[in-house]
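Per-entry structural report
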Amino acid sequence: MSIVPGDPSNAIFGVPPGADFVACLTEHLDSLQDSMAPESAARIQVLVPTRRMQRRLKSVMEGYGNLILPKIGLVSDVTHLLHTPVSPKPVSQLRRVLDLKQVVAKLAELDPRLSRSDVIDLTFSLTKLLDEMEGECVAFEALEQLETGDQSGHWEQSLTFLRTIRAYVEALADQPSGTEAQHRLNVTALCNEWSDAPLKTPVILAGSTGSRATTRLLMEAVAKLPNGQIVLPGFDFEMPNELWDRLTTSDAGEDHPQYRFATFLHSLSVTPSNVKRIGQAPDPARTKLVSIALRPAPITDQWLRDGPLLGDLQAITSGLSLIEAREPKEEALAIATAMRVTMNDGETVALVTPDATLARRVTAELKRWRISPDESGGVPLSLTPTGRFLRQTAIVAGGTCDPVSIIALLKHPFTFAGENRGAYMRQVQEFELFLRKTGSIKVDERCLRQFAAQSADAGDWIDWLKDALAQTEMPRKESLQDAFDRHTAVYTAFAGASADHLFNGDAGEKVLALLQLFREATTEPSTLPFGEYVQLLERFLMSDSARMQLGVFSNVMIWGTLEARAQGANTVILAGLNEGVWPEQPVADSWLNRDMRRQVGLLLPERQIGLAAHDFQQAIGAQTVILSRSMRTDGSETVPSRWLSRLTNLLTGLKENNGPAALEGMSGRGHQFLSYARNLDRPAKGPTPATRPAPAPPVHMRPRDFAVTEIKRLIQDPYAVYARRVLRLRPLDPLVPEMNARLKGIVFHEVLEHLFHPSAVFEDLPSTRKRLVDIASRALADRVPDATTRAVWLGQLKNNAEWFHREEVKRRDIANPLATEAKGTYSVPDTEFALRGTADRIDRFPDGGLVIYDYKSGTPPTRIEITRFDRQLLLEAVMAESGAFEAVPAATVAYVSHIGVGRSPSERITMLTGEDETVTIAGQIARLLRSFLKEDHGFMSRRAMETSRFSGDYDHLARFGEWDPSNAACIQRVGQ
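Quick caveat: nothing in here was measured; it's all calculated off a predicted structure.

Re the packing of aromatic side chains
Taken as a whole and judged by the stated rule, the model has 31 aromatic pairs. Where Phe 748 meets Trp 793, the ring centres are 6.2 Å apart and the plane angle is 85 degrees; that geometry is what we call edge-to-face. Highlighted residues: Phe 748 in helix 32 (residues 741-755) and Trp 793 in helix 34 (residues 787-799), separated in sequence by 45 residues. In this structure, Phe 748 and Trp 793 share a single accessibility class: buried.

Structure (structure tokens):
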């Protein structure tokens, strides 16, 4: 192949969308070497944009006959082409972030709108901006000419701050401030060398779109070399010249997939017709269809002119399928099903999506068939076992010792990864159950002592945990050295005998290298609170990835949009085709607004969308393509990706070309995969609807003793009593107490118990209020982990202080407190049953009569509720009159009272008419309990609920929802 020396019009080549770029490039190199001597062929320099493309190109060329392997380098590293390297090693990214953080922290101190928690986020956004300025060759002088037009002064203040950063950048004049700056210096020096002495060795720059200014500068220099070539990926040979001209004369096409190619060719004075084709698209007709669909919005009227020339659209779209799932989970399962079907047909299949969450969901769904896809993008270090372990230990090292953090860390496979792992995990499970049962909100010395008191064989394990947690109490200094040392001590202590196992494999080695960067950075003093250290660590862990998988399926792949440029597959699935996902929602710049970015020449959102559009155009040209999206996510409707909308609108409008039928066929093929997915977890036969259960276990297995609080449940939902007392099933308490009415009742009850203790003295309101605040603060600190909830509940109690004082003084004027938390047992006459109860408070009148109180955190029950359901105090009155309570002599109960301490405190008194009423109540409870000793009497589910909206702990077991409260109960003999 002859090349005209230094003529760019003969140096530009293009691979059409959909073609396997690496395979086409290999064929091109093979044809190029046919006309070259072997020694000249060996000197060919090939520059590609990514290491993935570098590895695949080498792999494909090694299996390509007698092809001589050229030198394959990266566009981002041209030092091997320089005669004299001009730039030293740049400042490490961590060191740069730490330096900029100090400056941003000072800005946060001066600006009341910013908080300390914003510092790390602002620092990383500033670092990204500086990298972009260096990559786009934007000098700081450009900022001097900016006009903000800012009425509020926000952008002017931001601009003033950026101008001060200039001093930091210029202070590093002898050392690049980042990799982008180093690359720009190297490329500039290389262009100068080639300008003075053009390189005669063949240089081929392949696979880059020229989206960054530095890369575009290098591409222009290569194109002007005597033996230089540029190979453009996904070049649209179907676009008419009028559209190419429009892209170069207007900024309206920046979001077009070919915009970067148009401006690049224009800068070299090369026409699109001069671009030489390499390879063929798998389906040229579809490539032309997509090209028309993606034309800029102002000229979509050309659809009417060029659309009818396409021909039969049913034939053109025969290789396209469209999946429109109801929600992301269904989309992931449909994609996994499509990948499984394609793999079974012996073809390669690849999922391409920018949505990492969707990719992980598909990976999880593939596991049902034991398929491990080859994820070329790898897994972020933060999600690898080593990364998760470091993040969890960093959280604990910072003093966050809540049960969730501690249990998550204790269950990590790298924690105590030594011998006797089984015994260790048994202790962890026992400790977790202890935390759930006690409702502890912090794992500290007191918590461990309580656990030790009830676990006789956990001594060594508790000592180990105490030693590990002791590392979090190291002296604290706000420095990187202190934060790194404390974190190292904590993760080493939790790792067990040795921490070497943390850093095995690719992920472990990369994490170890990252920790080495932190270790090196500690040699220079820098202020860094531990919370910011944790943020920094998580950010850097997320910025790199590692390939974790072994035994993957080489014909089932998952790619990001960048990885897809270097790969090829028979079937390609383009997933996540919704606005905000593909294309992604542009990230707002904290420092420069849109107009300011345009003025200085930085990337605008349209350019990012154009890059995403190019990835879409390239991927949809594959042999067989499945387009996928979910119609709802997080409960909200989604908007289809603009490119998918364009394609479907074009097809809908071309009726004479069978466009609607083609679209229907695409949806039909996609619906087939949806049908597979929906049937996967559906039973072969439809489940028989459940009946309302009323299990009747053998009489001897039925409980004979009840707490007075259980009687309400026995009346309303006997099935719950059966599940709890007969089946012995208990709900698992949450690891962190839920901020609900139950916890509020426990806390308020504890507060009032201490506030109204018989020994308490109510002298005046200020002293009562102070004592209330002290008691409530301790109770809330011990039981409520959420600071906001603590403040709200404390405020509610303080607001009720005056009512508490006034009403308690009245109560003590007529009766004396006799007992609190009085426990008692009562044998129900003429039955085999016994009742257990604990009275919140019992007072005695001067005549010997009693009054029983019960504290309620909400609204007290009504008289009807008390007589029909909530019979706790009435039963306690029966017990008190029979002398069942300890230290409370038998006496007549004058009345019972509920003290409600909600937002509007109140007291509801229920008078008792005398001994006859308690006798009646005792007879009623005896009849109720005896009825549950009948063989044919079952424990009905939801027998008499107050309202159907209340859910029970055992409704799922009773399969409530498959029947409704109007259904008759089905008595079932069980346990015979």
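Examining the sheet that holds strand 4 (residues 203-206)
In any sheet, the strands associate via hydrogen bonds between backbone groups, in a parallel or an antiparallel arrangement. Taken in spatial order, the 6 strands of this open sheet run 3-2-4-5-1-6, and their pairing is parallel. The open sheet is flanked by strand 3 (71-74) and strand 6 (276-277), the only strands paired with a single partner. Bridge count between strand 1 (residues 12-15) and strand 6: 2 bridges; the pairing is parallel. Paired with Gly 14 across the bridge in strand 6 is Arg 277. Seen against the sheet, helix 1 (residues 21-34) touches strand 1, strand 2 (45-48), strand 4 and strand 5 (228-233) and runs at an angle of roughly 155 degrees to strand 5.

Considerations on the sheet that holds strand 8 (residues 349-352)
With parallel pairing, 6 strands are arranged side by side in an open sheet as 7-14-13-8-12-9. The sheet is open, and its two borders are formed by strand 7 (320-325) and strand 9 (373-375), each paired with just one other strand. Here the strands of the sheet are splayed against their neighbours by 25 degrees on average, with no regard to which way each runs. In terms of strand pairing, strand 9 meets strand 12 (residues 553-559) through 3 bridges, oriented parallel. Among the inter-strand pairings, Asp 374 is bridged to a residue of strand 12, identified as Met 557.

Some words on helix 23 (residues 505-521)
One full turn of an α-helix is made of 3.6 residues, so residues set three or four places apart face in the same direction. When the terminal C-alpha atoms of helix 23 are compared, their 25 Å separation across 17 residues agrees well with the 24 Å that a helix rising 1.5 Å per residue should span. When helix 23 is considered as a whole, its buried residues turn out to be Ala 507, Gly 508, Val 511, Leu 514, Leu 515, Phe 518 and Ala 521. One face of helix 23 carries all of its buried residues, which in axial projection span an arc of 135 degrees.

A word on helix 31 (residues 718-726)
In terms of burial, helix 31 is largely enclosed, as 7 of its 9 residues are buried. Here the buried face of helix 31 lies against strand 17 (692-696), strand 18 (705-707) and helix 30 (708-716). Following helix 31 by one or two positions, Arg 728 has its phi on the positive side, about 60 degrees.

Considering the pairing of strand 14 (residues 624-630)
For strand 14, a buried count of 6 out of 7 residues is recorded, marking the element as mostly surrounded by other parts of the structure. Relative to strand 14, strand 7 runs parallel, the two being bridged by 6 bridges. Bridging from a neighbouring strand, Ile 323 pairs with Ser 628 of strand 14. Sheet analysis places strand 13 (residues 571-574) next to strand 14, joined by 4 bridges and oriented parallel. Residue Thr 571 lies in a different strand from strand 14, and its bridge partner there is Thr 624.

Quick word on the pattern of salt bridges
In this structure the tally under the stated criterion is 46 salt bridges. Between Glu 579 and Arg 642 there is a salt bridge, and its shortest N-O distance comes to 2.8 Å. One end of the pair, Glu 579, is in the loop between strand 13 and helix 26 (594-600); the other, Arg 642, is in helix 28 (residues 642-653), and 63 residues separate them in sequence. Given a relative accessible area of 28%, Glu 579 falls into the partly exposed group. In this structure, Glu 917 engages Arg 863 in a salt bridge whose closest nitrogen and oxygen atoms are separated by 3.7 Å. With Glu 917 in helix 38 (residues 915-931) and Arg 863 in helix 36 (residues 863-868), this pair connects stretches of sequence that are 54 residues apart. Beyond isolated ion pairs, a larger network of salt bridges with shared partners links Glu 808, Arg 811, Arg 812, Arg 841, Asp 843 and Glu 907.

With respect to the packing of helix 33 (residues 765-783) against helix 35 (residues 801-814)
Contact geometry of helix 33 with helix 35 gives a least axis separation of 9 Å together with a crossing angle of 120 degrees. Between helix 33 and helix 35 the crossing geometry is right-handed. Contacts from Leu 765, Thr 768, Arg 769 and Leu 772 of helix 33 reach helix 35 at Ala 801, Glu 802, Phe 804 and His 805. Of the residues in the contact of helix 33 with helix 35, the class split is 4 nonpolar, 2 polar and 2 charged.

Observations concerning the packing of helix 17 (residues 385-397) against helix 22 (residues 480-495)
Where helix 17 contacts helix 22, the axes come no closer than 9 Å and their chain directions differ by 115 degrees. For helix 17 against helix 22, the interelement crossing comes out right-handed. Together, Phe 389, Leu 390, Thr 393, Ala 394, Val 396 and Ala 397 of helix 17 and Arg 486, His 487, Val 490, Tyr 491, Phe 494 and Ala 495 of helix 22 make up the contact between the two elements. Across the contact of helix 17 with helix 22, the residue classes break down as 9 nonpolar, 2 polar and 1 charged.

A closer look at unusual backbone geometry
The residue after Trp 582, namely Pro 583, is reached through a cis peptide bond having omega 10 degrees. Here Pro 583 is to be found in the loop between strand 13 and helix 26. Notably, Arg 942 is not glycine yet its phi reads approximately 50 degrees, a positive angle. Mapped onto the elements, Arg 942 comes out in the loop between helix 38 and strand 24 (969-973).

Each value, and the rule that gives it
Residues numbered from 1 in each chain as written. Predicted model: local features only at pLDDT ≥ 70, side-chain atom pairs only at ≥ 80, totals over all residues. Heavy atoms only, no water. Phe/Tyr/Trp six-rings, centres within 6.5 Å; stacked < 30°, edge-to-face > 60°. Helix = DSSP H or I, 4+ residues; strand = E, 2+ residues; numbered from the N terminus. Buried < 20%, exposed > 50% of the residue type's maximum accessible area, 1.4 Å probe, protein only. Pairing = 2+ DSSP bridges. Contact = heavy atoms within 4.5 Å. Axes fitted to C-alpha atoms, helices over the stretch in contact; angles between N-to-C directions. Expected span 1.5 Å × (residues − 1). Arc of directions from axis to C-beta. Salt bridge = Lys/Arg side-chain N within 4 Å of Asp/Glu carboxyl O. Left-handed = near helix turned anticlockwise from the far one by under 90°. Nonpolar A, V, L, I, M, F, W, Y, C, P; charged D, E, K, R; others polar.

Any functional reading would require information beyond the geometric quantities listed.
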